[in-house]
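Spelled out, the chains give:
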Amino acid sequence: MNEIKTIGVLTSGGDAPGMNAAIRSVVRCGIGLGLRVMGIKKGYRGLINGEIEEMTLRSVSDMLQRGGTILQTARCKEFTTEAGVKKAAEVARIFGIDALVVIGGDGSFRGALDMSRHGFPVIGIPATIDNDIGCSEYTLGFDTALATAMEAIDKIRDTAGSHDRCNVVEVMGRNAGYIALDVAIATGAEVVLVPEIPFDMAEDVIKPLIDARNRGKKHYIIINAEGIGNSEKIAREVEEKTGIETRATILGHVQRGGSPSVTDRVMASHMGFHAVELLVKGEYNRVVVKKDGKITSMDIEEALATKKPLPDRGIAVAKLLSL
Ligand code: F6P
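Figured I'd write up the structure that's included with this text. (Residues numbered from 1 in each chain as written. Predicted model: local features only at pLDDT ≥ 70, side-chain atom pairs only at ≥ 80, totals over all residues. Heavy atoms only, no water.)

Here we look at the overall build of the protein chain
Link 1 in the chain: The helix and strand inventory of the protein chain stands at 11 helices and 11 strands.
Link 2 in the chain: Expected size for 323 residues packed as a compact globule is a radius of gyration near 20 Å; at 22 Å, the protein chain falls within 12% of this value.
Link 3 in the chain: Projected onto its principal axes, the C-alpha coordinates of the protein chain cover approximately 70 × 35 × 35 Å.
Link 4 in the chain: Per-residue burial over the protein chain gives 50% buried out of 323 residues.
Link 5 in the chain: The contacts in the protein chain between residues at least 6 apart in sequence include a share of 74% that link residues at least 24 apart.
Link 6 in the chain: By element, 51% of the accessible surface of the protein chain is carried by carbon and sulfur atoms, the whole surface being about 14300 Å².
Link 7 in the chain: Charge separation in the protein chain, taken as the distance between the mean sites of 40 positive and 42 negative side-chain charges, equals 2 Å. (Helix = DSSP H or I, 4+ residues; strand = E, 2+ residues; numbered from the N terminus. Rg over C-alpha atoms; globule rule 2.2 N^0.38 Å. Buried < 20%, exposed > 50% of the residue type's maximum accessible area, 1.4 Å probe, protein only. Contact = heavy atoms within 4.5 Å. Areas by Shrake-Rupley, 256 points an atom, 1.4 Å probe, with all protein chains shown as cover. Lys, Arg positive; Asp, Glu negative; His and termini not counted. Charge placed at Lys NZ, Arg CZ, Asp CG, Glu CD.)

In structure tokens form, the structure reads like this:
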């Protein structure tokens, strides 16, 4: 492989707070370490369509604090085909790009792995509010999304308390319960439902609420992960079986936006630097990860095969604290 002189950067999959900080870091560290950096708009779709522009130190000014992604993101059907991946690698080469930094989730890394199989060097940076990338203890956006959800649930608690009600609050996370679990701990939820752990409505939802009422509680929050869904149905059943007036709220995309937290800005900046450093050293087809509290990297194939179970301790803490 020839020396890497020009790198491309794109964001793919759902946007996450901190993506801009990561783009900025890749651009500034890349230029600082002597590389040219090309910004690719709208993820792999923009790559295939050649929506590519050189980035300068100034093109990433004043965006560290902004949510979303200035490069935008998109889902791309064509890229899921062999021909699409081949075309993406060809277009990248036409624009003089020697390696690609992909900021996104597992799906985006699968695309990056396909590019690497076409001989195109790649590096992944984990970014999704869901924190569901097995290889990394942390994914960019998670901390900010937690803070946003927590703030909203605190407000819901105010109104639940004023009416002696129960509120079922559905949080994002796709098929994972990381947001639900941490936000349940942070808001003192009475019940948390996550897709990783099967539950029985009577035993795990109705009984704890009745027990809590018997202990003197007057308002209740049930955090329900998106992976379980059916929040309205759960709310109706709770009301029917407990007699407690119950409402359902789906927090939705509000959790994806907003100015990134300190953690997300700092992590994004370090991860961006690490990605560029790897490429400069000629190490590629890797994902930057947080492991044992440190920023390091893992082979992309191994990274995609790594699983991260929901911490049992978290569930135990959430249950005990809800007493
Ligand atoms: O992966 C981030 C995420 O917000 C998930 O929590 C959610 O399931 C999904 O993306 C929603 O995707 P979209 O914005 O395409 O509806």
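A few points about the nonpolar core
Link 1 in the chain: In terms of nonpolar packing, the biggest core is built from 59 residues, with I7 and I223 touching the most fellow members.
Link 2 in the chain: Setting aside chain neighbours within four positions, we find I223 in contact with I153, V169, V171, A180, V183, A184, T187, A189, V191, V192 and L193.
Link 3 in the chain: Membership of the second largest hydrophobic core comes to 31 residues, among which are C76, A88, V102 and I300. (Core = buried A, V, L, I, M, F, W, Y, C linked by side-chain atoms within 4.5 Å.)

A word on the environment of L279
Link 1 in the chain: Position of L279 relative to the elements: it lies in helix α9 (residues 262-280).
Link 2 in the chain: For the pair L279 and I123, spaced 156 residues apart in the sequence, the C-alpha separation amounts to 7.9 Å.
Link 3 in the chain: Ignoring any residue separated from it by four or fewer positions in sequence, one finds L279 in contact with I4, I7, A99, V101, I123 and Y284.

Digging into the side chain of T11
Link 1 in the chain: Relative to the helices and strands, T11 resides in strand β1 (residues 6-11).
Link 2 in the chain: At a separation of 2.8 Å, a polar atom in the side chain of T11 contacts the side chain of T69.
Link 3 in the chain: Excluding residues that lie within four positions of it along the chain, T11 makes contacts with M19, I23, G43, T69, L71, Q72, T73 and I103. (Polar contact = N/O pair within 3.5 Å; in protein donor to acceptor, adjacent residues only side chain to side chain.)

Some points on the sheet that holds strand β10 (residues 286-291)
Link 1 in the chain: With respect to topology, seven strands assemble into an open sheet ordered β3-β2-β1-β4-β5-β10-β11, the strand pairing being mixed. Only two strands of the sheet have a single neighbouring strand rather than two, namely β3 (52-55) and β11 (294-299). Sheet twist, expressed as the mean angle between neighbouring strand axes with direction ignored, is 30°.
Link 2 in the chain: The pairing of strand β4 (residues 99-104) with strand β5 (residues 122-126) spans five bridges and is classified as parallel. Note that in β5 the partner of V102 across the bridge is G124. (Pairing = 2+ DSSP bridges. Axes fitted to C-alpha atoms, helices over the stretch in contact; angles between N-to-C directions.)

Details of the packing of aromatic side chains
Link 1 in the chain: Summed over the entire model, instances satisfying the criterion amount to two aromatic pairs.
Link 2 in the chain: Seen in terms of ring centroids, Y44 and F79 are 3.8 Å apart; in terms of plane orientation they differ by 5°. Their pairing is stacked. Here F79 lies in the loop between β3 and α3 (82-94) and Y44 lies in helix α2 (residues 43-48), a separation of 35 residues in the sequence. (Phe/Tyr/Trp six-rings, centres within 6.5 Å; stacked < 30°, edge-to-face > 60°.)

What about the side chain of S108?
Link 1 in the chain: Within the secondary structure, S108 sits in helix α4 (residues 106-117).
Link 2 in the chain: Take S108: its relative accessible area is 4%, and that puts it in the buried class.
Link 3 in the chain: Setting aside residues no more than four positions away along its own chain, S108 makes contact with S12, G13, Y44 and V102.

Describing helix α7 (residues 201-214)
Link 1 in the chain: For α7, spanning 14 residues, the distance from its first C-alpha to its last is 18 Å, which sits close to the expected 20 Å at 1.5 Å a residue.
Link 2 in the chain: By the largest-angle criterion, K207 marks the main kink of α7, which is about 30°, and a proline, P208, follows within four residues.
Link 3 in the chain: Where α7 is concerned, the buried positions are M201, V205, I206, L209 and A212.
Link 4 in the chain: Against the buried residues of α7 lie β6 (166-171), β7 (191-193), β8 (220-225) and α8 (231-242). (Expected span 1.5 Å × (residues − 1). Bend = angle between axes of the 7 residues up to and from the residue.)

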